[in-house]
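# Structural features, examined
Here are the chains, one letter per residue:
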Amino acid sequence: MEFNNLYNNSELKNIVNNDIKNNMLNHAYLLCGQDEVLLKYLAKQFAKNILCENNLCNSCLVCNKIEKGIHSDVLTYPQDESKGIVVEDVNNIVEKAYVFPLEANKKIFILNNFDLATIQAQNKLLKTLEEPPTSSMFILTSTNPSNILNTIKSRAKTINIPLLKNDAVQDFILKNSTLKLREVAPYVSSAQGNLTKAIKIIADADFISIKDLSLSVVLKLKESGEILRYANKILSYKGRVNEIFDEIALIVLDVLYTKMGLTENVLNKDNLQNYLNSNFSVKALKIVYDEILNSQNKLKNNCNVNVVVDNFLVTMLEVKHKWK
Ligand SMILES: [Zn+2]
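Residues numbered from 1 in each chain as written. Predicted model: local features only at pLDDT ≥ 70, side-chain atom pairs only at ≥ 80, totals over all residues. Heavy atoms only, no water.

## Focus: the overall build of the chain
- Counting its regular elements, the chain contains 16 helices and five strands.
- Taking the principal axes of the C-alpha coordinates as reference, the chain spans close to 75 × 40 × 30 Å.
- A separation of at least 24 residues holds for 70% of the contacts in the chain among residues at least 6 apart in sequence.
- Only carbon and sulfur atoms are counted for the fraction: they give 50% of the accessible area of the chain, which is about 16,600 Å².
- Averaging the positions of the 38 positive and the 35 negative side-chain charges in the chain gives two centres separated by 3 Å. (Helix = DSSP H or I, 4+ residues; strand = E, 2+ residues; numbered from the N terminus. Contact = heavy atoms within 4.5 Å. Areas by Shrake-Rupley, 256 points an atom, 1.4 Å probe, with all protein chains shown as cover. Lys, Arg positive; Asp, Glu negative; His and termini not counted. Charge placed at Lys NZ, Arg CZ, Asp CG, Glu CD.)

Structural data, given as structure tokens:
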């Protein structure tokens, strides 16, 4: 699947094209979802969809300029990506919104991560959203819409963007990393349909070793004499113990699904045979899963990390033997 098809295959495109066809194009849209990278990408495609004269061709001058961020009528905020939208941005937006578009028949403002905008900035934008200049249009994106003022939300048409299917994420990873097809499966399963997560994982030098360690904690740790060695390995990833618990939890769930015959729910199907061979009973797995959540809670409450890891490994072995 081509990355360009993400928009073409999305429900968003249908909604936008219907709105255009029915002459009901809203002056403001709010794209909500969990994947920041996907939302930004779709917002840009949305702008092309509005301005491209060849039905979003991705090859004309207009599409190219929007892609490169140099179209004079498609303006993206915040200007400082490290912050949310601030009052200064909104001043800039309001000023430009009332100026006629230069190249196109509409001016499109893409306001990314709008939930990070300060309350002052949101309030300041409100008036423009209430009485927008007819030639201006706003596309807001947000991974956390509860931080957006209701008065803003009521002025925009909200469109929920679901996470992607694994094949789309795989395609994205192959295009945006040096990974080969045979290496990509663990990255795809950990990204869980989220491109933002995928990008983070690709850049993480310890990703594979943490994954392998978590897998051996669940499948290979058998004797209490090995606990110290495993604990030391886990603790060697300073500051990432909570993540390792997350990873162990995913594997425990995978084994649980496997043992319950619900293999369609298993994330990493490459490990199915290993999961099937493990000595855990369903009952033990459920207790271990609760114990992971319990351990993560203790970490959150600043309990000693060495003690938490030790206790978890001891409990896991005990439970495994008790509920055979
Ligand atoms: Zn085009």
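## Brief notes about the domain arrangement of the chain
- The domain boundaries assigned to the chain delineate domain 1 (5–162) and domain 2 (204–322).
- Measuring from the centre of the C-alpha atoms in domain 1 to the corresponding centre in domain 2 gives 43 Å. (Domains from an automatic or database assignment.)

## Quick word on the coordination of the zinc ion
- Listed as protein donors to the zinc ion are Cys52 (SG), Cys57 (SG), Cys60 (SG) and Cys63 (SG); their distances from the metal cover 2.3 Å.
- Around the zinc ion, the four donor atoms are arranged such that angles at the metal cover 99 to 119 degrees; this shape is classified as tetrahedral.
- Along the chain, the residues donating to the zinc ion are arranged with the sequence spacing C-x4-C-x2-C-x2-C. Of this pair, cysteine 52 sits in the loop between helix H3 (36–51) and helix H4 (61–68) while cysteine 63 sits in helix H4, placing them 11 residues apart in sequence. The two residues cysteine 52 and cysteine 63 agree in class, both being buried. (Donors = N, O, S within 2.8 Å, 3.2 Å for Na, K, Ca; no water. Tetrahedral: all angles 85-135°; square planar, octahedral: opposite > 155°, others 65-115°. Buried < 20%, exposed > 50% of the residue type's maximum accessible area, 1.4 Å probe, protein only.)

## Some details on the pairing of strand S2 (residues 74–77)
- Taken together, the four bridges between S2 and strand S3 (residues 107–111) define a ladder with parallel strand orientation. Each bridged residue has a counterpart across the sheet, and for threonine 76 the counterpart in S3 is isoleucine 110. (Pairing = 2+ DSSP bridges.)

## A look at the packing of aromatic side chains
- By the definition in use, this model includes five aromatic pairs.
- Relative to phenylalanine 46, the ring of tyrosine 29 lies with its centre 5.0 Å away and its plane at 70 degrees, an arrangement referred to as edge-to-face. With tyrosine 29 in strand S1 (residues 28–32) and phenylalanine 46 in helix H3, this residue pair connects regions lying 17 residues apart in the sequence.
- Looking at tyrosine 29, the relative accessible area reads 0%, which means it is buried.
- Owing to a relative accessible area of 0%, phenylalanine 46 belongs among the buried residues under this scheme.
- Their ring planes at 85 degrees and their centres at 5.2 Å tell us that phenylalanine 245 and phenylalanine 312 sit as a pair that is edge-to-face. Taken as a pair, phenylalanine 245 in helix H13 (residues 241–259) and phenylalanine 312 in helix H16 (residues 305–322) lie far apart in primary sequence, 67 residues in all. The exposure classification of phenylalanine 245 matches that of phenylalanine 312, with both residues buried.
- Cluster of aromatic residues (ring-pair linked, three or more members): Tyr77, Phe109 and Phe138.
- The ring of tyrosine 230 carries lysine 233 above its face, with NZ or CZ at 5.5 Å from the centroid.
- Lying over the aromatic face of phenylalanine 280, lysine 320 brings its terminal NZ or CZ to 4.8 Å of the ring centre. (Phe/Tyr/Trp six-rings, centres within 6.5 Å; stacked < 30°, edge-to-face > 60°. Lys NZ or Arg CZ within 6 Å of the ring centre and 35° of its normal.)

## Quick notes on the pattern of salt bridges
- Following the criterion strictly, the structure yields 16 salt bridges and no others.
- For the salt bridge of lysine 127 with glutamate 131, the shortest nitrogen-to-oxygen distance reads 3.9 Å.
- For lysine 127, a relative accessible area of 53% gives the class exposed.
- Classification of glutamate 131 as exposed rests on a relative accessible area of 53%. (Salt bridge = Lys/Arg side-chain N within 4 Å of Asp/Glu carboxyl O.)

## Description of unusual backbone geometry
- Each neighbour pair has its own omega, and for tyrosine 77 with proline 78 the value is 0 degrees, a cis peptide bond.
- You can see proline 78 is positioned in the loop between S2 and helix H5 (87–97).
- Positive phi is not limited to glycine here, since asparagine 55 has a value of about 55 degrees.
- With respect to the helices and strands, asparagine 55 occurs in the loop between H3 and H4.
- A positive phi angle is found at asparagine 113, which is not glycine, with a value near 50 degrees.

## Structural notes on the sheet that holds strand S5 (residues 157–160)
- The strand order across the open sheet formed by five strands is S2-S3-S4-S1-S5, and the pairing between neighbours is parallel. The open sheet has two edge strands, S2 and S5, and neither has a second partner. The average undirected angle you get between the axes of adjacent strands in this sheet is 20 degrees.
- In this sheet, strand S4 (residues 136–142) lies alongside S3 in parallel orientation, the contact comprising five bridges. When the bridges of S4 are listed, isoleucine 108 appears paired with methionine 137.
- Helix H2 (residues 11–21) rests against S1 and S5 of the sheet, and its axis sits at about 150 degrees to S5.
- Helix-sheet contacts for H3 involve S1, S2, S3 and S4, and the interaxial angle to S4 is about 160 degrees. (Axes fitted to C-alpha atoms, helices over the stretch in contact; angles between N-to-C directions.)

## As for helix H15 (residues 282–300)
- The end-to-end C-alpha separation of H15 is 27 Å, in line with the 27 Å expected for 19 residues at 1.5 Å each.
- Residues of H15 that are buried: Ala284, Leu285, Val288, Glu291, Ile292, Ser295, Gln296 and Leu299. Buried residues of H15, viewed axially, fall in a sector of 140 degrees; they line one side.
- As for H15, its buried residues are in contact with H13 and H16.
- Asparagine 302 sits one or two residues past H15 and shows a positive phi near 60 degrees. (Expected span 1.5 Å × (residues − 1). Arc of directions from axis to C-beta.)

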